Amino acid sequence: MTSIVPTEFGAAPADVAPAAPATPATPATSADVDDPRIGIKRYGLDGLRELLASLGEPAYRAKQLLRWLYGRGVATYDEMTDLPARLRERLHTAAPLAVPELLQVHHSQDGARKYLLRLADGARIEAVGLPSASSPTHSSDRPSTRLTVCFSTQVGCAMGCAFCATGRLGLTRQLAPGEMADQLLVVADDFGCRVTNAVAMGEGEPLANYDATLAALRLMNAPDGLGIGARHLTISTCGLLPQLRRLTLEPEQFTLAVSLHSAVQATRDMLMPALARYPLDELREALITYAQTSGRRPTLEVVLIDGINDTPEEINALAEYCRGMLVHINLIPLNAGGASDLRPASPQRLREAAHVLSNRGIEATVRRSRGADILGACGQLAAG
Ligand code: SAH
Ligand code: SF4
């Protein structure tokens, strides 16, 4: 990396050893994360500032560049009419501007759309757009449309969770901050409206690409960037503890979801082998600290799998685990795409689990899965 490459596009933290994927990771491209074709998209806000400072430019230029890149989402430096022509040329040489190529859009019957994108180095990723009409708060208000984007943070994933199609790919490479923010721009462009919410729930484990993901969220949050409120930006993690503790100390009010899937250690180890080194009781402590420090309620995601984690014993263990914690549980039916011997829990089991948890004073909802008909639902993204 050169001296102006910021930390936000660093390699995966050393303690995130890849789990053996079901099929070996085959590099989709000849490029690695240092590929010069990624250009300006490798930078977050700090990186843009450093780059412009290294070119001898005043600080306000970073704001201008941010506005062009992510506020307006232009595809060439030539369009940045308030930047001097000489600077545009120098930027073009120092950090070329590439936008993702939209290869395919799949439309789900439920309104969700899945996007297959090719990045500057040829890597392929998927993102999903989820429109929803929110109810008016006052009778005179017109329903406003919410557009949520589920974006990828890595090409593939190293975690190898048994139920997840992305996990079967293995990890090809990290995504850069601008490559994450660009996914929102593609979806906004296709729907013809602004993105109101974004969730790091596409391909990859966001906290295994910590600096770049946080830098991307800041591009999305910045008023001159995508201008999305921090509370409308969600990180979903399988629960990498060192990074989760670090996230607790970040100043922004980003929303946190943790994929728990079971409160029984042996079951969780079987479903999420790469997480076995972070015991459930330590995760519980980290979640309590998170809630106390941030004042925010994390969501726990539980994908219910027939005969594995939907039994009365499992739901009871889940209730015990959450007792006294400030959490919300999302119960999610398993989508196809992971190990073929795993079957979704029955709708009745899902309802029963929600009922048992609610009776024990734990907030739980059954989450509707969207985009399954286009393989765009949770855990089904597998373009890498
Ligand atoms: N790596 C992160 C975010 C990407 S996965 C994480 O694991 O949280 C996004 C969500 O999809 C997670 O909650 C994950 O557990 C869930 N998921 C994975 N495979 C799934 C499947 N087959 N059916 C339903 N949800 C799944
Ligand atoms: Fe990776 Fe999340 Fe899929 Fe696990 S569930 S393999 S952490 S993307």
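Now for a quick tour of the structure.

**Concerning the overall build of the protein**
Counting its secondary structure elements, the protein contains 11 helices and 12 strands. Split into buried and exposed, the 384 residues of the protein put 55% on the buried side. Residue pairs at least 24 apart in sequence account for 69% of intrachain contacts in the protein once pairs closer than 6 positions are excluded. Surface exposure of the protein reaches about 16300 Å², of which carbon and sulfur atoms provide 52%.

**With respect to the packing of helix H1 (residues 45–54) against helix H2 (residues 60–72)**
Two numbers describe how H1 lies on H2: the axes approach to 9 Å, and their chain directions differ by 125°. Of the possible angle classes, the one that applies to H1 and H2 is oblique. Seen along the crossing, H1 lies across H2 with a hand that is right-handed. Contacts from Leu45, Leu48, Arg49 and Leu52 of H1 reach H2 at Arg61, Ala62, Leu65, Leu66 and Leu69.

**Details of the pairing of strand E11 (residues 328–333)**
With 5 of 6 residues buried, E11 is to be regarded as a mostly interior element. Where strand E10 (residues 299–304) and E11 come together, 6 bridges link them in parallel fashion. Looking across to E11, one finds that valine 303 is bridged to isoleucine 332. On the question of chirality, the crossover connecting E10 to the parallel E11 by way of helix H10 (residues 312–322) is right-handed. Of the strand pairs in this sheet, E11 and strand E12 (residues 364–366) are connected by 3 bridges, and their pairing is parallel.

**A look at the pattern of salt bridges**
What the rule picks out here adds up to 21 salt bridges. Across the pair glutamate 101 and arginine 118 runs a salt bridge whose closest N-O atoms are separated by 2.9 Å. One end of the pair, glutamate 101, is in strand E1 (residues 101–107); the other, arginine 118, is in strand E2 (residues 113–118), and 17 residues separate them in sequence. For arginine 118, a relative accessible area of 28% gives the class partly exposed. Residues arginine 349 and aspartate 310 are paired through a salt bridge, measuring 3.8 Å at the closest nitrogen-oxygen approach. In this pair, arginine 349 sits in helix H11 (residues 347–359) while aspartate 310 sits in the loop between E10 and H10, placing the two residues 39 residues apart along the sequence. Its relative accessible area of 31% is what places arginine 349 among the partly exposed residues.

**Remarks on the site of ligand 2**
As a structural note, the neighbourhood of ligand 2 is formed by Cys157, Met159, Gly160, Cys161, Phe163, Cys164, Gly167, Gly204 and Cys238. When the residues that make up the shell around ligand 2 are grouped by side-chain class, the tally is 6 nonpolar, 3 polar and no charged.

**Here's the deal with the environment of leucine 260**
By the secondary structure assignment, leucine 260 is in the loop between strand E9 (255–259) and helix H8 (265–271). Residue leucine 260 is classed as buried on the basis of its relative accessible area, which comes to 0%. Residues leucine 260 and threonine 237 lie 23 residues apart in sequence; the distance between their C-alpha atoms is 9.1 Å. If sequence neighbours within four positions are ignored, leucine 260 has contacts with Arg268, Met272, Leu280, Leu283, Leu300, Glu301, Leu318 and Tyr321.

**Some thoughts on unusual backbone geometry**
If you check the backbone angles, histidine 261 has positive phi at about 70° while not being a glycine. You can see histidine 261 is positioned in the loop between E9 and H8.

**Thoughts on the site of ligand 1**
The environment of ligand 1 is formed by 20 residues, the closest being Phe163, Ser236, Ser259, His261 and Asn335. Within the side chain of glutamate 205, an N or O atom sits 3.1 Å from a nitrogen atom of ligand 1. With respect to ligand 1, the side chain of serine 259 contributes an N or O atom lying 2.6 Å from an oxygen atom. For ligand 1, the accessible surface in isolation is 530 Å², of which the surrounding protein chains cover 95%. Considering only residue class, the shell around ligand 1 consists of 10 nonpolar, 8 polar and 2 charged.

**Details of the nonpolar core**
Counting residues in hydrophobic clusters, the biggest one holds 106 residues, and the most contacted among them are Ile40, Leu65, Met220 and Ile329. For this core, the element with the highest residue contribution is helix H5 (residues 177–191), accounting for 8 residues. If sequence neighbours within four positions are ignored, leucine 65 has contacts with Ile40, Leu48, Leu52, Tyr77, Met80, Leu83 and Leu91. By size, the runner-up hydrophobic cluster in this structure holds 8 residues, among which are Ala112, Val128, Val199 and Leu381.

**Regarding the side chain of threonine 267**
Along the chain, threonine 267 turns up in helix H8. Apart from residues no more than four positions distant in its own chain, threonine 267 is found in contact with Ser262, Ile308, Asn309 and Glu314.

**Examining the pairing of E2**
When you tally the buried positions in E2, you get 5 out of 6 residues, the bulk of the element. Where E1 lies against E2, 6 bridges are found, and the strand directions are antiparallel. Following the sheet pairing, histidine 106 is matched in E2 by lysine 114. The turn linking E1 back onto E2 is made up of 5 residues, and glycine 111 within it adopts a positive phi angle of 100°.

How each quantity is defined
- Residues numbered from 1 in each chain as written.
- Chains lettered and ligands numbered in written order.
- Predicted model: local features only at pLDDT ≥ 70, side-chain atom pairs only at ≥ 80, totals over all residues.
- Heavy atoms only, no water.
- Helix = DSSP H or I, 4+ residues; strand = E, 2+ residues; numbered from the N terminus.
- Buried < 20%, exposed > 50% of the residue type's maximum accessible area, 1.4 Å probe, protein only.
- Contact = heavy atoms within 4.5 Å.
- Areas by Shrake-Rupley, 256 points an atom, 1.4 Å probe, with all protein chains shown as cover.
- Axes fitted to C-alpha atoms, helices over the stretch in contact; angles between N-to-C directions.
- Parallel < 35°, antiparallel > 145°, perpendicular 65-115°, else oblique.
- Left-handed = near helix turned anticlockwise from the far one by under 90°.
- Pairing = 2+ DSSP bridges.
- Right-handed = clockwise from strand over helix to strand, strands pointing away.
- Salt bridge = Lys/Arg side-chain N within 4 Å of Asp/Glu carboxyl O.
- Near = heavy atom within 4 Å.
- Nonpolar A, V, L, I, M, F, W, Y, C, P; charged D, E, K, R; others polar.
- Polar contact = N/O pair within 3.5 Å; in protein donor to acceptor, adjacent residues only side chain to side chain.
- Core = buried A, V, L, I, M, F, W, Y, C linked by side-chain atoms within 4.5 Å.

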